[in-house]
Amino acid sequence: MKEVYQVPASQSLQGDVIISGAKNAVLPLMAATLLCRGTSIINNVPQLDDVDTMADVLRYLGAKVELQGSRLTIDTRECDGYQAPYHLVTKMRASIYVLGPLLARLGQASVALPGGCAWGPRPVDLHIAGMQALSAKVELSHGNIHAHAGRLKGADFTFPISSVGATVNLLLAAVLADGTTRLFNAAIEPEIDNLVDQLNAMGAQIFGKGSNTLVIEGVAELQAAEIDAIADRIEAGTYLIAAAITKGKLTVKQVQPSHLTALIDSLTATGALVYCEDDSITLDAQRRTLKPISIKTGPYPLFATDLQPQWMTLCVSLAGVSQVTDTVYPERFQHVAELCRLGANIRVKGNTASIIGTPSLSGAPVKASDLRAGAALILAGLIATEHTDISDIHHLDRGYQNLIGKFANLGVTIHRHASHTTDCQTKTTPLLSLCG
Ligand code: UD1
């Protein structure tokens, strides 16, 4: 059944939000369990559709996967499958993370090519070039990547551009390769560090964590381990921006403030007050006049592309002119047309959107084209008059755990309805029951 979120015009957000584990950390951690035969544990796992999809991929390969609360158990003792089919990969691009570990442990892998996504082409050429550098033979046919190798051989590989996904896949392959691999210009996102910690706990020999040169001494085998997923910096950032947009005051808890430096600096530059403690960040925008701040996305620690759409909503809400440039995904502007349906004034040229702030938005039906675009529309709905109905919310189910419950704690009642009854009189379902 298709559903919509109905977001009411809201008062200032007030309160605390406990931030969930990061899906972008958990998905590589799950793929890494394929490198051993044993029972691995991942803690702080969010209940999200993307986690379910990765669980289905692992089950298809022969693993037993069970999520109890936020504790995920993955038993790979009888896991010998080497094929990830299109019907699973097409649901979630990160399925391609199984390529490296399958190739490393079984000597072969057949993974469907993920294709593009809502914000344009998303190539996997670097994943493939990396496997070839480790001596794998790779063929593309019938929409699949077929890779095989005896034992992979360690090698030097330089990423021409920083890529989170390709760094994940190369790490997952190189840990079991014969000899030394050196990865230059590797991604340094916190989710990569989380993966390095897990792999080293499994017995891998990876040096240089946190730097963009990673040295991996291949080992013959790895053992199962237990790891805690890091907090979701994008979820935390989304709620902080929501507080700024509504001139509220909220604290995101169980986060790592150092993972959000670029956002914190940009929020501070708007005029909001931002306080950090060891594992929490408070934003106070009450009774303050904020000004829009231009941002440019880039690889970590620069401003995250996954917070770009939400930041654009903030710029829309503030008087003044600003620009949002995405250098990571130059076509990631699907949310612009939907924001304009709500009354925003945005022009896109190349990889830059120019925004003239609007005193008020008016609620309307809009469509989430992807996960973070959906988040941007939720935030816009908070400041639009009347209510905003957001459709295609399956995208939000991929990345925001208990969105309704978390907003309810902040004083906002978002409803989830069947999409053919957007007038909220009938078939209203209490959101908490649907969001678990
Ligand atoms: C990951 C995140 C995604 C986030 C993105 C950028 C996960 C599951 N996904 O995606 O949420 O938006 O990082 O922070 O963690 N590129 C190539 N060839 C490749 C791979 C990437 O040209 O083989 C390019 C991309 O087009 C893009 C840049 O490299 O311009 C960075 O992409 P990358 O970091 O790989 O993004 P993902 O890992 O797909």
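Details of the structure are given in the entry above.
In what follows, the accompanying structure is described. No experiment lies behind these values; they were computed from the predicted model shown.

Our focus in this paragraph is the environment of isoleucine 390. Of note, isoleucine 390 is situated in strand 25 (residues 387-391). Taking the C-alpha atoms as reference, isoleucine 390 lies 30 Å from histidine 259; in sequence the two are 131 residues apart. Other than its neighbours up to four places away in sequence, isoleucine 390 contacts Glu3, Val4, Tyr5, Val7, Val366, Ala368, Leu377 and Ile378.

With seven of its eight residues buried, helix 4 (residues 99-106) lies for the most part within the structure. Each element contacted by the buried residues of helix 4 is listed here: helix 1 (23-32), strand 7 (108-112), helix 5 (125-133), strand 9 (144-148) and helix 6 (164-174). Phi turns positive one or two residues past the end of helix 4, at glycine 107, with a value near 80°.

So, on to unusual backbone geometry. Put simply, tyrosine 300 and proline 301 share a cis peptide bond, and its omega is 10°. With respect to the helices and strands, the residue proline 301 is situated in the loop between strand 18 (295-297) and helix 10 (308-317). For asparagine 185, which is not glycine, the phi dihedral falls at a positive 55°. With phi around 60°, glutamine 254 is a residue other than glycine that occupies positive phi space. Within the fold, glutamine 254 resides in the loop between strand 15 (249-253) and helix 9 (261-270). Overall, glutamine 254 belongs to the partly exposed group, its relative accessible area being 47%.

Surrounding the ligand, one finds 19 residues, the nearest of these being Asp125, Ser163, Val164, Asp306 and Val328. Proline 123 has a polar backbone atom sitting 3.2 Å from an oxygen atom of the ligand. Contacts to the ligand include tyrosine 329, whose side-chain N or O atom sits 2.9 Å from an oxygen atom. Elements with a contribution of two residues or more to the shell around the ligand: helix 5 and helix 6. Residues of the shell around the ligand, tallied by class, amount to nine nonpolar, six polar and four charged.

Two aromatic rings, taken as a pair, are described by how far apart their centres are and by the angle between their planes. Enumeration according to the criterion identifies three aromatic pairs in this entry. For the pair phenylalanine 157 and phenylalanine 159, a centre-to-centre distance of 5.1 Å together with 85° between the ring planes defines the contact as edge-to-face. Overall, phenylalanine 157 belongs to the buried group, its relative accessible area being 11%. Look at phenylalanine 159 and you get buried, because its relative accessible area is 1%. Between phenylalanine 303 and tryptophan 311, the ring centres sit 5.5 Å apart and the planes meet at 70°, which makes this aromatic pair edge-to-face.

Basis of the calculations
- Residues numbered from 1 in each chain as written.
- Predicted model: local features only at pLDDT ≥ 70, side-chain atom pairs only at ≥ 80, totals over all residues.
- Heavy atoms only, no water.
- Helix = DSSP H or I, 4+ residues; strand = E, 2+ residues; numbered from the N terminus.
- Contact = heavy atoms within 4.5 Å.
- Buried < 20%, exposed > 50% of the residue type's maximum accessible area, 1.4 Å probe, protein only.
- Near = heavy atom within 4 Å.
- Polar contact = N/O pair within 3.5 Å; in protein donor to acceptor, adjacent residues only side chain to side chain.
- Nonpolar A, V, L, I, M, F, W, Y, C, P; charged D, E, K, R; others polar.
- Phe/Tyr/Trp six-rings, centres within 6.5 Å; stacked < 30°, edge-to-face > 60°.

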